[in-house]
Amino acid sequence: QVQLVESGGGLVQAGGSLRLSCAASGRTSSNYAMGWFRQAPGKEREFVAAISRSGGTILYADSVKGRFTISRDNAKVTVYLQMNSLKPEDTAVYYCATKPFVYSGTYDYWGQGTQVTVSS
């Protein structure tokens, strides 16, 4: 079983930064690829970024490339999303999730989400 808890969300002005954390616990928690997703009001859930088990493979949505950085600390079984140059369009609930591999499997476990609000 895997449990995920997101933290670090909040309200920030456009151009500012936030760092989200997702702490995982449970069976072999470090042996999963991790992804970040977001969902704005009235919109579908959107892929943001993903990272492989070792951290060697990273994927980003085009909308966040150059601004967001995903990383992980397997010793702490935690994945991070550093968000810089935030825009109002980044406002959403951000979720982390796990899957067996970056390029295969499904996202089996999800956190409850953390709210990110970017003001103009």
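Preceding this section is the structure that the text describes.
The text that follows walks through the structure, step by step, so that each part is easy to find. Just so it is clear, the model here is predicted, and its values are computed rather than measured.

Conventions we followed
Residues numbered from 1 in each chain as written. Predicted model: local features only at pLDDT ≥ 70, side-chain atom pairs only at ≥ 80, totals over all residues. Heavy atoms only, no water. Core = buried A, V, L, I, M, F, W, Y, C linked by side-chain atoms within 4.5 Å. Buried < 20%, exposed > 50% of the residue type's maximum accessible area, 1.4 Å probe, protein only. Helix = DSSP H or I, 4+ residues; strand = E, 2+ residues; numbered from the N terminus. Contact = heavy atoms within 4.5 Å. Phe/Tyr/Trp six-rings, centres within 6.5 Å; stacked < 30°, edge-to-face > 60°. Lys NZ or Arg CZ within 6 Å of the ring centre and 35° of its normal. Salt bridge = Lys/Arg side-chain N within 4 Å of Asp/Glu carboxyl O.

1. A short note on the nonpolar core
Now for step 1: Grouped together as the largest cluster of nonpolar side chains are 27 residues, with contacts concentrated most on Trp36, Val48, Phe68, Leu81, Met83 and Tyr94.
Now for step 2: Those elements that place two or more of their residues in this core are β1 (2-7), β3 (18-26), β4 (33-39), β5 (46-51), β7 (68-73), β8 (78-83), β9 (92-99) and β11 (114-119).
Now for step 3: Take this core: its biggest share by element is four residues, from β3.
Now for step 4: Those residues within four positions of Val48 in sequence are excluded, and the remaining contacts are Trp36, Phe37, Arg38, Leu59, Tyr60, Ala61, Val64, Phe68, Leu81 and Tyr94.

2. Some points on the environment of Arg19
Now for step 1: Its place among the elements puts Arg19 in strand β3.
Now for step 2: Arg19 gets classed as partly exposed once you look at its relative accessible area, which sits at 47%.
Now for step 3: A C-alpha to C-alpha distance of 9.3 Å links Arg19 and Thr69, two positions 50 residues apart in sequence.
Now for step 4: Setting aside residues up to four positions removed in sequence, Arg19 forms contacts with Ser7, Gly8, Tyr80, Leu81 and Gln82.

3. Re the packing of aromatic side chains
Now for step 1: Inspection of every chain in the model, using the stated rule, returns five aromatic pairs.
Now for step 2: Judged by centre distance (5.6 Å) and plane angle (75°), the rings of Phe37 and Phe47 are edge-to-face. Within this pair, whereas Phe37 is found in strand β4, its partner Phe47 is found in strand β5, the two being separated by 10 residues in sequence.
Now for step 3: Relative to Tyr107, the ring of Phe37 has its centre 4.8 Å away and its plane inclined at 85°; by these criteria the two rings are edge-to-face. With a gap of 70 residues between them, Phe37 in strand β4 and Tyr107 in the loop between β9 and β10 (109-110) connect regions that are remote in the sequence.
Now for step 4: A relative accessible area of 9% places Phe37 in the buried class.
Now for step 5: Chaining the aromatic ring pairs together yields one cluster made of Phe37, Phe47, Tyr107 and Trp110.
Now for step 6: A cation over a ring is seen here: Arg19 above Tyr80, with NZ or CZ 4.0 Å from the ring centre.

4. What to know about the pattern of salt bridges
Now for step 1: Following the criterion strictly, the structure yields four salt bridges and no others.
Now for step 2: We note a salt bridge from Asp90 to Arg38, for which the minimum N-O separation is 2.9 Å. Here Arg38 lies in strand β4 and Asp90 lies in the loop between β8 and β9, a separation of 52 residues in the sequence. An identical accessibility class is assigned to Asp90 and Arg38; each is buried.
Now for step 3: Assessed through its relative accessible area of 2%, Asp90 is described here as buried.

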